[in-house]
Amino acid sequence: METSVNPTAQLFGIDFDLTILSMSLLTVLITFLIIFISSRNMQLKPKGKQNVLEWVYEFVQGIIKPNLGRYTSNYSLLFFSLFFFLVIANNIGLVAKIEIGGYNFWSSPTSNAAYNFGLSLMMAVVIHVEGVRKNGFKEYLKEYLSPTPAMLPMNILEQFTNIISLTLRLYGNIFAGEIILGLLVQFSDTSIFAWPIAFSLNVVWTGFSIMISCIQAYVFVILSSVYVGDKVNHKE
């Protein structure tokens, strides 16, 4: 199997992955444009693109409400934006495969473990900041001694495993999907007779990958809302 690497640039001694950076910016731009265009000239009776946008928003509200309860409205826009971003980020790598001179210029940003770790870490910051903000620092710390002080090490460990769980679940599914697509593209180049088989398998796998990518966006959002809910609702 031929391998390719993402081009990098160094700034202040730090290597930046140019493919991940550019694909992240493209994902943000696409997400912004879809939401911006769909929310223009909104009407009381939605139709067309406004109807789709509102359906997605209500869908996200529906999956986070059991976890956030009365705080659902406080975080609905956050999780709506996160879900929309992840759906596009997870699927954008399926659109094309661009490799030039051994460098890869197109992939889903969420097919990178470090990128997903960054997303999970950002959610962890939100989770713990909201826990302190809603309950106060003293009550926040008391939670780690529940149900008994002996559980302190396990409760601390749980916070780290939550981050790792979010990271690996998203990374494993998106990365594996793109690897299989890459293998199918290489298989199509072996002979003219392999092309129809590879094309058919590619279509099937792309459809399956789209479904998995959307499911992983759903799972990431619902687990994140569970973790936020645990912090803001723990006294209820």
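Refer to the preceding data block for the structure.
Residues numbered from 1 in each chain as written. Predicted model: local features only at pLDDT ≥ 70, side-chain atom pairs only at ≥ 80, totals over all residues. Heavy atoms only, no water.

Asker: Can you walk me through the packing of aromatic side chains in this structure?
Answerer: What describes a pair of aromatic rings is the distance from one ring centre to the other and the angle between the planes of the rings. A complete count under the given rule lists ten aromatic pairs for this structure. Taken together, a centroid distance of 5.5 Å and an interplanar angle of 20° make the contact between Phe32 and Phe36 stacked. With Phe32 and Phe36 both in helix α1 (residues 18-38) and four residues apart, the pair spans about one turn of that helix. Between Trp55 and Phe59 the ring centres are 5.5 Å apart and the planes differ by 10°, which places this aromatic pair in the stacked class. Placement of the pair is Trp55 and Phe59 together in helix α2 (residues 49-68), with a separation of four residues, close to one helical turn. An aromatic cluster is defined as three or more aromatic residues linked by ring pairs; in this entry it consists of Trp55, Phe59, Phe83 and Tyr218. (Phe/Tyr/Trp six-rings, centres within 6.5 Å; stacked < 30°, edge-to-face > 60°. Helix = DSSP H or I, 4+ residues; strand = E, 2+ residues; numbered from the N terminus.)

Asker: For this particular structure, what's the right way to read the pairing of strand β1 (residues 8-11)?
Answerer: Within a regular beta strand, the side chains point alternately toward one face of the sheet and then the other, so they alternate between its two faces. Pairing of β1 with strand β2 (residues 14-17), which is carried by four bridges, proceeds in the antiparallel orientation. Of the residues in β2, the one forming a bridge with Gln10 is Asp15. A loop of two residues connects β1 with β2, the two strands running antiparallel in sequence, and Phe12 in this loop sits at a positive phi of about 55°. (Pairing = 2+ DSSP bridges.)

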